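# Structural description and commentary
Here are the chains, one letter per residue:
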Amino acid sequence: EVQLVESGGGLVQPGRSLKLSCLASGFTFSNYGMNWIRQAPGKGLEWVASISSSSSYIYYADTVKGRFTISRDNAKNTLYLQMTSLRSEDTALYYCARRGASRWYFDFWGPGTMVTVSS
Amino acid sequence: DIQMTQSPASLSASLEEIVTITCQASQDIGNYLSWYQQKPGKSPQLLIHSATSLADGVPSRFSGSRSGTQYSLKINRLQVEDTGIYYCLQHYSAPWTFGGGTKLELK
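What you see is a predicted model; the values in this text were computed from it and never measured.

The next subject is the environment of Gly-84 of chain B. Residues and elements named next belong to chain B. Examined against the element boundaries, Gly-84 turns out to sit in strand 9 (residues 84-90). Sequence separation between Gly-84 and Val-19 is 65 residues; the distance between their C-alpha atoms is 13 Å. Setting aside anything within four residues of it in sequence, one finds Gly-84 in contact with Gln-38, Thr-102, Lys-103 and Leu-104.

This part takes up the side chain of Ser-50 of chain B. Residue and element names in this part refer to chain B. Mapped onto the secondary structure, Ser-50 falls in the loop between strand 5 (45-49) and strand 6 (53-54). Ser-50 sits in the buried class, given a relative accessible area of 17%. Side chain to side chain, Ser-50 and His-49 meet in a polar contact 3.0 Å long.

Turning next to the packing of aromatic side chains. Scanning the entire structure with this criterion turns up 14 aromatic pairs over all chains. On the numbers, 6.3 Å between centres and 65° between planes, the contact of Tyr-36 of chain B with Phe-98 of chain B is edge-to-face. Of the two residues, Tyr-36 of chain B sits in strand 4 (residues 33-38) while Phe-98 of chain B sits in strand 10 (residues 97-98), which places them 62 residues apart along the sequence. Given a relative accessible area of 11%, Phe-98 of chain B falls into the buried group. These aromatic residues form a ring-pair network of at least three members: Tyr-95, Phe-106 and Trp-109 of chain A together with Tyr-36 and Phe-98 of chain B. The residue whose ring lies beneath Lys-19 of chain A is Tyr-80 of chain A, and the NZ or CZ to ring-centre distance is 4.6 Å. Arg-99 of chain A extends its terminal NZ or CZ atom over the ring of Trp-104 of chain A, reaching a point 4.8 Å from the ring centre.

Below, the discussion takes up a nonpolar patch on the surface. All names here are of chain B. A cluster of nonpolar side chains, Leu-15, Val-80 and Leu-106, forms an exposed patch at the surface whose accessible area comes to about 240 Å². Here Leu-15 lies in the loop between strand 2 (10-13) and strand 3 (19-25). On the basis of relative accessibility, which here comes to 47%, the residue Leu-15 falls in the partly exposed class.

The next subject is the state of the cysteines. Overall, the coordinates contain two disulfides over all chains when judged by the stated rule. A disulfide bridge connects Cys-22 of chain A with Cys-96 of chain A, and the sulfur atoms are separated by 1.9 Å. Of this pair, Cys-22 of chain A sits in strand 3 (residues 18-25) while Cys-96 of chain A sits in strand 9 (residues 92-99), placing them 74 residues apart in sequence. The same class applies to Cys-22 of chain A and to Cys-96 of chain A, which are both buried. Shown here is the disulfide that connects Cys-23 of chain B with Cys-88 of chain B, its sulfur atoms set 1.9 Å apart. A torsion of -85° about the S-S bond marks the disulfide between Cys-23 of chain B and Cys-88 of chain B as left-handed. Of this pair, Cys-23 of chain B sits in strand 3 while Cys-88 of chain B sits in strand 9, and the two are 65 residues apart along the sequence. Summarising the burial analysis for this pair, Cys-23 of chain B and Cys-88 of chain B share the class buried.

Residue and element names in this part refer to chain B. The antiparallel open sheet is built from four strands, whose spatial order is 1-3-8-7. Where the open sheet ends on each side, the last strands, each with one partner, are strand 1 (4-7) and strand 7 (62-67). Across the sheet, the mean angle from the axis of one strand to that of its neighbour is 20°, orientation sign disregarded. Where strand 3 meets strand 8 (residues 70-75), six bridges bridge the pair, whose relative direction is antiparallel. Following the sheet pairing, Cys-23 is matched in strand 8 by Tyr-71.

Its location among the elements puts Val-19 of chain B in strand 3. Once the C-alpha coordinates of Val-19 of chain B and Ile-75 of chain B are considered, the two residues, 56 residues apart in sequence, prove to be 5.1 Å apart.

Conventions we followed
- Residues numbered from 1 in each chain as written.
- Chains lettered and ligands numbered in written order.
- Predicted model: local features only at pLDDT ≥ 70, side-chain atom pairs only at ≥ 80, totals over all residues.
- Heavy atoms only, no water.
- Helix = DSSP H or I, 4+ residues; strand = E, 2+ residues; numbered from the N terminus.
- Contact = heavy atoms within 4.5 Å.
- Buried < 20%, exposed > 50% of the residue type's maximum accessible area, 1.4 Å probe, protein only.
- Polar contact = N/O pair within 3.5 Å; in protein donor to acceptor, adjacent residues only side chain to side chain.
- Phe/Tyr/Trp six-rings, centres within 6.5 Å; stacked < 30°, edge-to-face > 60°.
- Lys NZ or Arg CZ within 6 Å of the ring centre and 35° of its normal.
- Patch = residues over 30% accessible without salt bridge, like charges linked within 9 Å, V, L, I, M, F, W, Y side chains within 5 Å.
- Areas by Shrake-Rupley, 256 points an atom, 1.4 Å probe, with all protein chains shown as cover.
- Salt bridge = Lys/Arg side-chain N within 4 Å of Asp/Glu carboxyl O.
- Disulfide = S-S within 2.5 Å.
- Pairing = 2+ DSSP bridges.
- Axes fitted to C-alpha atoms, helices over the stretch in contact; angles between N-to-C directions.

So yeah, pure geometry; function would need other evidence.
Take a look at the structure:
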């Protein structure tokens, strides 16, 4: 069974940093691209970042480019999102999701980890 | 960036009714369109990918179609468990972009 479990969320002050993790199990992690998607409270879904299986290709939304860094450790079956210079508008539930077999749709999602940016 | 315009924003329908939700892409995205269902307090679940392909385990009453740059999600014979918010996503080119969502309720 595919499982994705995010961790690392919490309350952080504006301008500070936070690192999220997503532990994957139930599939060969190194064969799949991975993604971060967020959802602000009461709002819709916003794609944040994607990374290919071997980290060769990385994509970011303009809203986080230069502040967030997506990475992965295939030996640890773990996806990361390093977030710096956090803003109040980054407050959201952050999901990790697996890339589909053929294209960049998202076939499995974790339950999410909440990030709140506030002083 | 490719814009996805989803309609309606909300929808109230009766049990067993046929429901259709649409997404209009701002440019050609081929068949690179997927649909997701999100229930309250839960993470989204993939329903349809590549415009018309049903994801594993999704009931056959869900179907997707395409006409040019307009994409539709159809639910045949609406069930209680189909309530929630539905999103489309273009997965043709980065940045991948979601539609604004459609909240589906039972009448």
